[in-house]
Amino acid sequence: MSSFGRGKMKMRLRKPVLVLLFLTVVAPIALYTDRLATFSSFSTYEFIQEPSKLSLHRDVRPLNLHPQELSASQEPFDDVYLENLARSIQHPDGERSRKTRKLNEESKRQNDNPIRQVVTLEELAENKENDKLKATQTETKKEGKSIEPAKTKSKKADEHVLTDTRVKYLKDQLIRARVYLSLSATRTNTQFIKELRLRMKELQRALGDATKDADLPKNANEKLKAMEQTLAKGKQIQDDCTAVVKKLRAIIHSTEEQLRVHKKQALFLTHLTAKTVPKGLHCLPLRLSTEYYSLDSSAQQFPNQEKLHHPNLFHYALFSDNVLATAVVVNSTVSNAKDPSKHVFHIVTDRLNYAAMRMWFLANPAGEATIQVENIEEFTWLNASYSPVLKQLGSQNMIDYYFKTRKSESDSNLKFRNPKYLSIMNHLRFYLAEIFPKLSKVVFLDDDIVVQKDLSGLWSIDLKGKVIGAVETCGENFHRFDRYLNFSNPLIATNFNPRACGWAYGMNVFDLEEWRKQNITQVYHSWQKLNNERQLWKLGTLPPGLITFWKRVYPLERTWHVLGLGYNPSVSHREIEKAAVIHYNGNLKPWLEIGIPKFRGYWNRFLDYDQAYMRDCNMSP
């Protein structure tokens, strides 16, 4: 064969060889690279975490109240996974595939080697982002500014805000564990229940009283992971979501019921604590009484008794069985008086505290002020035949109301069942004209008040024919008439306005001459007779006071009398400082441990805890 024939034959064989080479070498490489690009677009999303991490998220999502906080409770290396996950979620799958192919094409043009195309797309994207970040930092440095990576900022912000993430997650784990303990499918697996109880004890020990992550022990993460593995076993045993949801609802209902019961118990205990006598206050009158009866009769008398009925002096009425509280009222009034010699205090107490009250003021004279202490037992005119309220308080119906054990609670408000309402001491304010027949004007003071300014200006106020001067309490809805009176009763509905403004006992000016002219005591008696079965109001002195002095109240300026220090911690310091009298009305009295701490100082400053009787009874601020 000629050379021309052989050359022609080689040309014919070369084309099939090139085609075969393309099919066996080049095409697979190109096809593999394209498939790899498509695969990379979702691999970073689907295989972003370990299988254990994925199961953790699925388990936690229905239970964790703060799922967005889960990332902070994981180990530090999870930040890398979460960062990549956030980057992949920013773009939809279609857009991500398009950008991936574009990067592949660019890399293919830049490098002739096809194997180079296998470079991870995430690396290319990350390098591109790093280049942009470096360029931005370079430009910022040229301008004289500094910038931190966004990742660092967000991480620091998360660390600052989410300081209790792991604590919350540990509590969530305990809730999940309780659910598995109660499910029928897991209860039958004794080995799992035993392991779960052990993990719960470990977790509770690690959690302790921690309120933030910094309080947790170093092994808290180990306990968390161990519990997570146990819970994963429980999920395999019980995978019925409906049963878990039902159990969680039952737990919520049970927790709400327990909360309601605890609130009711707390309210009852608060009322009980408010009406009990602390050890120091029990000791003090005993020591004072013992000392009083050891005195000679001449030493038991107060000076300046000729001033008791002087019409030009400033007379105060205090009705109390609390020696220490009465001492604060007198001390604070005298300390702020411009002329203490013009102030006269008429104190009425019960038989048990009569000697102690007298001994206190004999041992601690109130400066130039005049003191009178009377025993309510000496008011022989105040008896059941004269006073309807005394007759009611001694009735079997009233005694049963307070002391008979009953399964059902008829009154929603526990304060109406306060036994103090059985004492006539609480109702003496309605007999001022009879107690002080020779006086024309008197200021009534409760024993839970503190005087901060001179009160002599109260006697110069013209009440304009009204019987009582008082500070109105219209600011709150619960201080209006419909809060205290039963407007479903026609007798109340036809005589009073339910939206009428209430007023406050505690510091009140009484014009006793107008009292006698308008026969206020008889008005009070008539309404008390109508309320024999407690159909018009429950108990207490403010409801009958609102009725008795209806349209007979002269409103005083609010700065004379500020209330709420015994129940409202939000009373402002500025309001207190401007007040002439501050009132600890409510259960949180300043002489009790449950008193509001920030208000106790206004009361304590008028007591001398170094006094002998106070030291003997171990009393301190």
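Scroll up to find the structure.
Residues numbered from 1 in each chain as written. Predicted model: local features only at pLDDT ≥ 70, side-chain atom pairs only at ≥ 80, totals over all residues. Heavy atoms only, no water.

(A) How the structure looks around the packing of aromatic side chains. Summed over all chains, the structure comprises 25 aromatic pairs. For the ring pair Phe430 and Tyr524, a centre distance of 4.1 Å and an interplane angle of 5° mean the geometry is stacked. Remark: Tyr524 occurs in helix H22 (residues 520-530) and Phe430 occurs in the loop between helix H17 (396-403) and helix H18 (432-435); sequence separation between them is 94 residues. A relative accessible area of 1% places Phe430 in the buried class. Residue classification places Tyr524 among the buried residues on the basis of a relative accessible area of 1%. (Phe/Tyr/Trp six-rings, centres within 6.5 Å; stacked < 30°, edge-to-face > 60°. Helix = DSSP H or I, 4+ residues; strand = E, 2+ residues; numbered from the N terminus. Buried < 20%, exposed > 50% of the residue type's maximum accessible area, 1.4 Å probe, protein only.)

(B) Molecular detail of helix H8 (residues 165-182). Between its first and last C-alpha, H8 extends 26 Å over 18 residues, near the 26 Å set by a 1.5 Å rise per residue. The element H8 is extensively covered by neighbouring structure, given that 13 of its 18 residues are classed as buried. (Expected span 1.5 Å × (residues − 1).)

(C) Representation of the pattern of salt bridges within the structure. Inspection of every chain in the model, using the stated rule, returns 10 salt bridges. Notably, a salt bridge pairs Asp215 with Lys212, separated by 3.6 Å at the nearest N-O pair. Under the relative-accessibility criterion, Asp215 is labelled partly exposed at 39%. In this structure, the salt-bridge partner of Arg287 is Asp616, at a minimum N-O distance of 2.6 Å. With a gap of 329 residues between them, Arg287 in helix H13 (residues 279-292) and Asp616 in helix H26 (residues 612-616) connect regions that are remote in the sequence. You can call Arg287 partly exposed: its relative accessible area is 28%. Owing to a relative accessible area of 42%, Asp616 belongs among the partly exposed residues under this scheme. (Salt bridge = Lys/Arg side-chain N within 4 Å of Asp/Glu carboxyl O.)

(D) Quick peek at the sheet that holds strand S3 (residues 370-375). The strand order across the open sheet built from 7 strands is S3-S2-S1-S4-S7-S6-S8, with neighbouring strands paired in mixed fashion. Single-partner strands in this sheet number two, and they are S3 and strand S8 (553-555). On average, each strand axis in the sheet is tilted by 25° relative to the strand beside it, whichever way the strands run. When strand S1 (residues 314-319) meets strand S4 (residues 441-445), the two strands line up parallel, connected through 3 bridges. Considered in S4, the bridge of Ala317 is made with Phe444. Against the sheet, helix H14 (residues 323-335) contacts S1, strand S2 (343-349), S3 and S4, and its axis sits at roughly 175° relative to S2. Sheet strands touched by helix H15 (residues 354-363): S2 and S3. Its angle to S3, the strand with the most contacts, is close to 170°. (Pairing = 2+ DSSP bridges. Axes fitted to C-alpha atoms, helices over the stretch in contact; angles between N-to-C directions. Contact = heavy atoms within 4.5 Å.)

(E) Summary view of the state of the cysteines. One pass over the structure, following the stated rule, counts 2 disulfides. Covalently, Cys283 is tied to Cys617 through a disulfide, its sulfur atoms 2.1 Å apart. Between Cys283 and Cys617, the S-S dihedral sits near -75°, and the bridge is therefore left-handed. Taken together, the residues span a long stretch of sequence, with Cys283 in helix H13 and Cys617 in the segment after H26 at a distance of 334 residues. Assessed through its relative accessible area of 7%, Cys617 is described here as buried. A sulfur-sulfur distance of 1.5 Å marks the disulfide that ties Cys474 to Cys501. Here the S-S torsion is close to -125°, and the disulfide linking Cys474 with Cys501 is therefore left-handed. Taken together, the residues Cys474 in the loop between strand S6 (468-470) and helix H19 (481-484) and Cys501 in the loop between helix H20 (490-493) and strand S7 (507-511) connect sequence positions 27 residues apart. (Disulfide = S-S within 2.5 Å.)

(F) Focus on the environment of Leu445. Relative to the helices and strands, Leu445 resides in strand S4. Residues Leu445 and Arg429, 16 residues apart in the sequence, show an inter-C-alpha distance of 9.9 Å. Setting aside its immediate chain neighbours within four residues, Leu445 contacts Tyr316, Ala317, Leu318, Val329, Thr333, Gly506 and Met507.

(G) How the structure looks around the pairing of S3. Most of S3 is tucked away, with 6 of its 6 residues classed as buried. Judged by which residues are buried, S3 turns out to be covered on both faces: Thr370, Gln372 and Glu374 on one side and Ile371, Val373 and Asn375 on the other are all buried. Handedness of the β-α-β unit built from S2, H15 and S3 comes out right-handed. (Right-handed = clockwise from strand over helix to strand, strands pointing away.)

(H) Looking closely at unusual backbone geometry. At Asn304, a residue that is not glycine, the phi angle is positive and equals roughly 60°. Along the chain, the position of Asn304 falls in the loop between H13 and S1. Here the phi dihedral of Asn519 falls at roughly 55°; this positive angle occurs in a residue that is not glycine. Of the residues examined, Asn519 reaches a relative accessible area of 43% and is grouped as partly exposed.

(I) Focus on the environment of Leu183. In this fold, Leu183 is placed in the loop between H8 and helix H9 (184-187). Each C-alpha atom of the pair Leu183 and Val244 lies 7.7 Å from the other, and the pair is 61 residues apart in sequence. Dropping the residues within four chain positions of it, Leu183 is found in contact with Gln238, Ala243, Val244 and Lys247.

(J) Inspection of the pairing of S2 at higher detail. With 7 of 7 residues buried, S2 is to be regarded as a mostly interior element. Where burial is concerned, the two faces of S2 agree: the one with His343, Phe345, Ile347 and Thr349 and the one with Val344, His346 and Val348 are both buried. Examined bridge by bridge, S1 and S2 share 6 bridges and lie parallel to one another. Along S2, the bridge assignment pairs Ala317 with His346.

(K) The side chain of Thr541, seen in detail. By the element assignment, Thr541 lies in the loop between H22 and helix H23 (542-548). If we skip the residues at most four places from it in the chain, Thr541 touches Asn426, His427, Arg429, Phe430 and Tyr505.

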